[in-house]
Amino acid sequence: MQTQDQEFIANAIRRYIQQRPNSADTAEGITHFWINWSSEPLSMSVVLSVLENMRNAGELESMVVGGRTIWRAARSDD
């Protein structure tokens, strides 16, 4: 079960990629630029947990580029 914070993060990421479907970024970039925090950002471990849950659900995919993990909306196999 997701907490309110996790649901807030997931919904912010969904909105961001809905508006910008070709976006891709690191967890740090997503934390700082994709999520409109009302106060201080939550810890990176919480954001990473949400990203991994969204990847496991098929909403996101990740790839390693230059030693950094990049996240983006999952692409269909069409």
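Look up a bit, the structure's there.
About the criteria used
- Residues numbered from 1 in each chain as written.
- Predicted model: local features only at pLDDT ≥ 70, side-chain atom pairs only at ≥ 80, totals over all residues.
- Heavy atoms only, no water.
- Pairing = 2+ DSSP bridges.
- Helix = DSSP H or I, 4+ residues; strand = E, 2+ residues; numbered from the N terminus.
- Buried < 20%, exposed > 50% of the residue type's maximum accessible area, 1.4 Å probe, protein only.
- Contact = heavy atoms within 4.5 Å.

**Let's talk about the sheet that holds strand β2 (residues 60-65)**
And step 1. Within the open sheet, the three strands sit side by side as β1-β3-β2. Their pairing is antiparallel. Looking at strand neighbours, the two that pair on one side only are β1 (24-25) and β2, the edges of this open sheet.
And step 2. Sheet topology places β2 next to strand β3 (residues 68-73); six bridges connect them, and they run antiparallel. Looking at β3, one finds that Glu-61 is bridged to Arg-72.

**Remarks on the side chain of Thr-26**
And step 1. Note that Thr-26 resides in the loop between β1 and α2 (27-34).
And step 2. Of the residues examined, Thr-26 reaches a relative accessible area of 12% and is grouped as buried.
And step 3. Each residue touching Thr-26, except ones within four places of it in the same chain, is listed here: Arg-68, Thr-69, Ile-70 and Trp-71.

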